[in-house]
Amino acid sequence: MRQRRQQQQQRQLHQQQQQQYDGDNGHHRRRRAHALGAARVLFDVAVLLVSVSLLAVGVVRFAQRLPPPLPATAPASTFAEERAIAHLYELERIGRSMMGTKPNERAAKYIEAQLDQIATAAATAPTITVEVDYHRSSGSMYFDILGHGMTNVYSNLTNVIAKVTFNGGGEASGDGDNGGALLVNAHFDTAVGSEGSMDDRASCAAMIEVLRALVDTEIERATATDINGKIELPPTPTRPLVLLFNGAEETLQEASHAFVTQHPWAKGISGVYNLDAAGTTGPEVLFQSGDAAWPLAFGAAVPYPSGFSLAQDIFSTGVLHSDTDYRIFRDFGNITGLDLALVQNSWAYHTILDRVENSVPGTIQHIGDNLLAFARYV
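Residues numbered from 1 in each chain as written. Predicted model: local features only at pLDDT ≥ 70, side-chain atom pairs only at ≥ 80, totals over all residues. Heavy atoms only, no water.

Draft legend 1. Structural view of the overall build of the protein. Within the protein, the secondary structure is distributed over nine helices and seven strands. Counting over 378 residues, the protein shows a buried share of 47%. Considering only contacts in the protein between residues 6 or more positions apart, those separated by 24 or more positions represent 80%. Of the roughly 18100 Å² of accessible surface on the protein, 55% is carried by carbon and sulfur atoms. (Helix = DSSP H or I, 4+ residues; strand = E, 2+ residues; numbered from the N terminus. Buried < 20%, exposed > 50% of the residue type's maximum accessible area, 1.4 Å probe, protein only. Contact = heavy atoms within 4.5 Å. Areas by Shrake-Rupley, 256 points an atom, 1.4 Å probe, with all protein chains shown as cover.)

Draft legend 2. The pairing of strand 2 (residues 148-166), seen in detail. Judged from the 17 bridges that link them, strand 1 (residues 128-145) and strand 2 form a sheet pairing that is antiparallel. If you follow Ser140 over to strand 2, its bridge partner there is Val153. Here strand 2 pairs with strand 4 (residues 241-246) via six bridges, running antiparallel. Opposite Ile161, over in strand 4, you have Leu244 as the bridge partner. (Pairing = 2+ DSSP bridges.)

Draft legend 3. Spotlight on empty space enclosed by the protein. On inspection of all chains with the given rule, the structure shows one cavity of 30 Å³ or more. Considered as a void within the structure, the largest cavity measures approximately 40 Å³ in volume. Lining the largest cavity are Val184, Met207, Val210, Leu214, Leu241, Leu243, Leu371 and Ala375. When contributions to the lining of the largest cavity are tallied by element, the ones reaching two or more residues are helix 4 (197-223), strand 4 and helix 9 (363-377). With three residues, helix 4 is the largest single contributor of residues to the lining of the largest cavity. Broken down by class, the residue content of the lining of the largest cavity amounts to eight nonpolar, no polar and no charged. (1 Å grid on protein atoms, 1.4 Å probe; cavity = no way out; pocket = protein on both sides within 12 Å on 5 of 7 lines; lining within 4 Å. Points joined across faces, edges and corners; volume = space filled by probe spheres on them. Nonpolar A, V, L, I, M, F, W, Y, C, P; charged D, E, K, R; others polar.)

Draft legend 4. Highlighting helix 9. When the terminal C-alpha atoms of helix 9 are compared, their 21 Å separation across 15 residues agrees well with the 21 Å that a helix rising 1.5 Å per residue should span. Counting buried positions along helix 9 gives 14 out of 15 residues, so the element sits mostly inside the fold. (Expected span 1.5 Å × (residues − 1).)

Draft legend 5. Examining the pairing of strand 5 (residues 269-277) more closely. Burial analysis of strand 5 places eight of its nine residues in the buried class, which makes it a mostly covered element. Pairing analysis gives six bridges linking strand 5 to strand 7 (residues 337-344), with the strands arranged parallel. Looking at strand 7, one finds that Asn274 is bridged to Asp339.

Draft legend 6. Summary view of the side chain of Ser203. Note on placement: Ser203 falls in helix 4. Among all residues touching Ser203, those that are not within four sequence positions of it are Ala186, Leu275 and Ile367.

Limitation: the analysis is restricted to geometry and does not speak to function.
Encoded structure:
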């Protein structure tokens, strides 16, 4: 009897020791998992800080390359920041233009009115044609965001689109992606709580001024001559342009999806020049692109190129949880090209401080000079 009690006590003691061991072992495993998780977070933060620091060093290196802003009296064939910024002030006066709001529609109507005016002027030049479309659309899309699948449904979104066709131009000097129209995209909607002047209505203002410069160049070509019957002007481009002023980017890029999947002008596009911002001043940085032909063409064409292959590597890792319309064009339209953004003064990004006064003079000139040169090159 005593022997059985001793054996039972030994078994109980063994069980207690095993339970204590399991508990300690589980505790150690949990501590190890927590330590590994913390180490991973610290590693991601370190990668982010180092990457952003390297990118900032690169941006500062190019910061002095901002061109002087040209006045409204600059030649009609050139881009002038003062002319572009007048459109930006008008869009600022409309107020914050989040998707689905009345200011969003007023901003679209203002842009449409400017494009219609330019299209009317273009009718006097035989070498250029401008068509304008005010496009409303509804639809849905499924995509991955931060590792989770989601379906995004949208209704009655607004895009304002201009299609530019050149007639009788000479041979283009660039490559990019030979043939097809070049899509130029920017968004006029604003993020919740943000004034949205540089993200991204400044790019919309620049696009209006670029279109005006292209049209006025062709008008001048048709009407003005020097004493020898000729005038020195940039050559007429050969590649068609589609200028997309989209009304819903900040809410997961619905408007670009509506255009690339529904609009008939999307079918003839073979490359995109996407303009966006993660700050309020320049220079604009090329941080994503298609194959090597695109950055090579960009570097050869524009007067103020700035871009970093490191930026594309960082962006592709997913460490920076941000996105642009470029992904929509790539994933839903099989269209690649160039993705550019302002990145300085990022402290004002998506805040009430995103206003033109927190930008540096020459920023919009930089955007416009590069875009105008690229449109004429490809």
